[in-house]
Each structure stands twice: as C-alpha cells, then as structure tokens.
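Observations on the three-dimensional arrangement
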Amino acid sequence: MLIGLTIKDVVLIEALDLEVGPGLTVLTGETGAGKSIVLDALGLALGQRADAGLVRRGAAQALAAATFSPAPDHPVWAFLEERGFAADPSEPLMMRRQLSADGRSRGFVNDQPASVTVMREVGAQLIEVHGQHETVGLLDPRTHRPLLDAYGEAAPAVRAAGEAWRVFTAARDRLSDLQERTAKAVAESEEIAARLAELDRLDPREGEEATLAEERALLGASEKALDDITTARDALGGDQLSNKLAQAFRALERARDRAIQAGAGADNLTVKRLTEAADAVDRALTEGLEAVAAVDAAADAFEFEPGRLDKTEERLFALRAAARKLNVLVEDLPAARLRLAEQLRGAENAEADLAQADKAAAAARAAYDAAAARLTQARTAAGERLARAVMAELSPLKLEKARFRVAVEPLPPERAGPGGLDRVEFQVSTNPGAPFGGLGAIASGGELARFALALKAALAGRGDAHGPTMIFDEVDQGVGGAVADAVGLRLKRLAEASQVILVTHSPKIAARADVHWRVSKAGQSRAGEGDVIATAIAALGPQAREEEIARMLAGAEITDAARAAARALMEA
C-alpha cells in the first residue's frame, strides 16, 4: 500500500507531502489545476520514463519519493534481496528519484542507488496505472497467466506441474550427463583399457610406496655396510694373515730349538727372547683368526639378497611412473585402477544404462505433460468463467459492444516450463465483427481504463493477496449518469480489498470516496525566471467535500440546489 508521496519542483508543484490511506482516494479539481501531475510524479518515483519537462520552471531539479508498506511476505522483498538491496520487511519501503533540468536522473531504493530498470520492476509489483495515456500492468500479457491462475484457484495444479517439471528436468539432465560421459568413455576406451592393463600388471597396493621407499633406504644402507666389511676383511688379509703368522711362529720355534741344541740353557737370554717372540706371534695368530671370524660373522648377519635393491627400485620407479602418467599420487593408484575399470565397464554397458535413463526421462516427461494438460484444462475452464464475468461488467460501463475472451494457447515445446505449456492472453473485440486482439487494441484511453476496471471488478476477491495499488486516471471520461454510477460502484467495491487512487471529474464517483483531495491553483510562486503558477492539494473534510462536489455538479456558480444534490450523493 502507498502510504506517502513527497513531490518537490515537479511541473506546477513546488513542494508537497501527502499521506495516503487505504480505501478509495479521489483527486478532483478544475481542468489544468495539476491533478495528473501527482500521477506523473508518482511515475517518476517508480522509474517511469521522464524528461526535463517535468522539472518546474526555474528549479535545478525535480524530486519525487513514494513510500510503501508492503506486507512482510510480499514478493518485492525477495526481489530486492536477490538484487543485493538491504531492506527490512518490518520497515517502510521508499522509492526516490531526482531529475535534473538537463534530463539526467538518479534513483534510490531505501536510500541505496538503484537503476531505472530496477525501480521500474519494483514499481510494477506495487502499482498498477490505468489511464488515458497508458495502462501499466494489464497491457503486459506476461501478467495474464498468473492473474488467471489466481482467479481459477489453480494453485494446486500449478504446484503439481512445477514439481513434475522439476522431476523431468532432473531426469533429462541425468540422461544428458550420462550421454556425454558415455560418449567420452567410448572414445577413450582403448586408452582406458591400456592404462587399466598396465595397472593390472603392476597390481598396486595401498601403502606400497611407503613400504618400498623404506625398504630401498634400508637395502641401500646395507649394501654400503657390506662394502665396508669387505674392505675391512681385505685389510686383515684373511687366510694370508694366518699363514704368515704361522710361518713366523714355526721360524721362531726353530730358532729357539737351535739355540738350545747349541748348549744354551732355558735361562739363556736369547732363548727367553725367542720364547717370548714365539708366544707373542702365537697369540697374534689366535687373535687374527678370531678377528677374521668376527668380520665374517658380521657379514653373515646381513640378510642381503643380491639384486634385491635393484628389484625394489625398479618396482618403486614403475609405480611412480604410472602415477605421473595418470596425474595421481602413487597412493591413489588402487583407486584409479577401480575407476578405470568402472569407466571401461560403463563404456561396455553404455547402451543398457542409456536405455534405462532414456526410459526414465520419457516417463518423467509424460508425467509432466499430463500435469500440464490438467493445468491447461483448469485454465481453459477458468478463462471461460472469467470471460463471462467480464462480459457481465461491460454493459454497465458503456462497453456493451465489446467482447472479451481469454485465449489459452499452447506454447512451443521448447518453451515448456514449470508454469505449464500455455500462453495466456486477455483479448478484446471492441466492435461487432472486429477480430479479437490484445488489450492494447482499445484506442480510447477512457475505454481502456473502464475495461481495466471491468476486468479488475471480475477478478476482485479471486486474485493475488498482495495485489498492487490501483490508480485510475479519469476512468469516467465521456460517461455520466448510470454509467458513472456503475463506475463508482465498482471502484468502491475494489477499494474494499485494495487501495484505489482515482483522478475524476465525476461527482457521483467522488461522492463514494473514503478520502477526497482537491487540487487547485494556488496563485503565483517566485522562481528563477519570474513568477510561475503553483499547484496546491488539500484533503477535504465533510463540509469542504460537499462544496467541492457541488462545484463539480454546478460549475462556476455553486447554488444551494447543487449543495443539496451533493449532500444527497454523499449520503447515498
């Protein structure tokens, strides 16, 4: 609901702050007083096309700000959130636009910069304008299908079609993905088979790389240790050492024996020295043999298989080469082997898998088509009821020659979606024998506004719970008497459920208002280029309303009879 409108320096309005309430609000005043300027300013605030001509003469810029109080669950809040605007549903929503004298403009939503496109899209969710020059909302066929669904209470059928569409698109996407992956797998099956054969030959095992690396390090160290032991044994001389020591021992014993034979006694110094030398060599021979045996025992302690290091390295390097080729870690080779086997099986079983997926997609499409067909039936029946309801409204509104129908036509298959397979358009024929066409075929602005009123009256109580504020600009153009009374009755009926704002010259319609504003010329206002006429708006109390309706009945000279007639209209 619109709750406030601020206008500054727009055409004839210098400064104006309006508080807007629910129900039916009418604007009246003499021709040229500036009633439509209020609507122009509102359009400016809501992103409608504007030019520098809206800027009051002598002013640097025009400003228009419209404040709304949409319900917390109104779709406009989600719309703003999706586009990155900070908005609190518990607070009012303000649309503001500044228009410079050079034609440039800036827009704001809750004081956040916004493009004209965004402001126009927000405005379309909050306001419907039906006037002599334009009808915003109903002229757009995109709004007709949701209006018809709301009128026909087709929400369950719409949800069923949406759910069936979701299931179908999921099945279709799965089929497409499977087709793509299968085609790729078949094209790569030869390479996959070769890679799988290599992994089958390698037979990689989990944790094998770490085990091989540890074994390689150990074998490498063992090989170097054995080289050092061999060097040590070679340095000891092995059997040569024991042979030489044995020869030395026998030679010393012979020398000692000869000394004794020559008559030297055991106490002879020479005999003692030879005995000590022989004993030392004997000990050296014993220890040398022990040393060689110890070195040999140390060598035997290494369980070293000749060529084992080469085999270990060959296995490790083969695994790493295979991992590089597949661009995976060595530890992931077992998983890669399983994946390649699955891909190869997928390529081999592609026909069966594709057939199953295709069958599932076909079944989902059939279910969607059935749900869409039920929705089409519901829309067709609702369209017939709506056409009868609108036709019943046309004659009292002086549109008795017009015919109305709801065209429910099939969409091309490629345009199917969650909303079904239908294109819905409200169509009208304005004269007998004339073909049906879109609502834009109505040439007269007044007729178009009354036709919108008839359609809104037929939809009343069956439409969107978040219906927009409706604005009618001189919907009473060219009508009077019973027709004006019928127009007023329908506007009043609409205002019971929605906010309605109306510019009118009809006293019968003005008499039905909940709020009555009078627009008048307030004299001259000083501006940069001289004096200009200014427009003022006043909210009328009961006595002032009676006087304004009497003026509308009588013209320039208000008579007591006119006042009495005005009172009668207001009381009725």
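Thresholds applied
- Residues numbered from 1 in each chain as written.
- Predicted model: local features only at pLDDT ≥ 70, side-chain atom pairs only at ≥ 80, totals over all residues.
- Heavy atoms only, no water.
- Helix = DSSP H or I, 4+ residues; strand = E, 2+ residues; numbered from the N terminus.
- Buried < 20%, exposed > 50% of the residue type's maximum accessible area, 1.4 Å probe, protein only.
- Phe/Tyr/Trp six-rings, centres within 6.5 Å; stacked < 30°, edge-to-face > 60°.
- Lys NZ or Arg CZ within 6 Å of the ring centre and 35° of its normal.
- Salt bridge = Lys/Arg side-chain N within 4 Å of Asp/Glu carboxyl O.
- Pairing = 2+ DSSP bridges.
- Axes fitted to C-alpha atoms, helices over the stretch in contact; angles between N-to-C directions.
- Contact = heavy atoms within 4.5 Å.

**Here's the deal with unusual backbone geometry**
If you check the backbone angles, aspartate 111 has positive phi at about 65° while not being a glycine. Inspection of the secondary structure puts aspartate 111 in the loop between strand 6 (105-109) and strand 7 (112-114). Residue class for aspartate 111 comes out exposed when judged on its relative accessible area of 54%.

**Digging into the packing of aromatic side chains**
Given two aromatic rings, their pairing is described by the distance between the two centres and the angle made by the two planes. Taken as a whole, this structure holds five aromatic pairs when the rule is applied. Ring geometry for phenylalanine 168 and tyrosine 368: centres 6.5 Å apart, planes at 15°, overall stacked. Taken together, the positions of phenylalanine 168 in helix 5 (residues 155-187) and tyrosine 368 in helix 12 (residues 350-394) put the pair 200 residues apart, joining distant regions of the chain. Centre to centre, the rings of phenylalanine 404 and phenylalanine 451 are 5.7 Å apart; their planes meet at 50°, and the pair counts as tilted. Of this pair, phenylalanine 404 sits in strand 10 (residues 403-410) while phenylalanine 451 sits in helix 13 (residues 445-459); the two residues are 47 residues apart in sequence, bridging distant segments of the chain. What makes phenylalanine 404 buried here is its relative accessible area of 4%. Looking at phenylalanine 451, the relative accessible area reads 2%, which means it is buried. Counting every residue linked through ring pairs, the aromatic cluster contains Trp165, Phe168 and Tyr368. The ring of phenylalanine 108 carries arginine 96 above its face, with NZ or CZ at 4.3 Å from the centroid.

**Observations concerning the pattern of salt bridges**
Counting across every chain of the model gives 26 salt bridges. Between arginine 379 and aspartate 149 there is a salt bridge, with the nearest N and O atoms lying 2.8 Å from each other. Placement of arginine 379 in helix 12 and of aspartate 149 in helix 4 (residues 144-151) is noted, with a sequence separation of 230 residues between them. Considered together, arginine 379 and aspartate 149 belong to a single accessibility category, that of buried residues. Across the pair arginine 337 and aspartate 200 runs a salt bridge whose closest N-O atoms are separated by 2.9 Å.

**Overview of the sheet that holds strand 5 (residues 93-100)**
The strand order across the open sheet formed by six strands is 2-1-4-5-6-7, and the pairing between neighbours is antiparallel. Of all the strands in the sheet, just strand 2 (13-19) and strand 7 have a single pairing partner and so form its edges. This sheet shows a mean twist of 15° between the axes of neighbouring strands, independent of strand direction. Relative to strand 7, strand 6 runs antiparallel, the two sharing three bridges. What sits directly across from valine 109, in strand 7, is glutamine 112. Those strands touched by helix 1 (residues 35-45) are strand 1 (2-10), strand 2, strand 4 (61-68) and strand 5, and its axis lies near 100° from that of strand 1.

**Examining the sheet that holds strand 12 (residues 437-438)**
Strand order in the open sheet formed by three strands is 10-11-12, with antiparallel pairing between adjacent strands. Every other strand in the sheet has two partners, leaving strand 10 and strand 12 as the edge strands with one partner each. Bridge count for strand 10 against strand 11 (residues 422-429) is eight bridges, and the pairing is antiparallel. In the sheet register, phenylalanine 404 faces strand 11, and the bridge partner there is valine 428. This element, helix 4, spans strand 10 and strand 11 of the sheet and lies at about 90° to strand 11. Lying on the sheet, helix 12 is in contact with strand 10 and strand 11; it crosses strand 10 at an angle near 170°.

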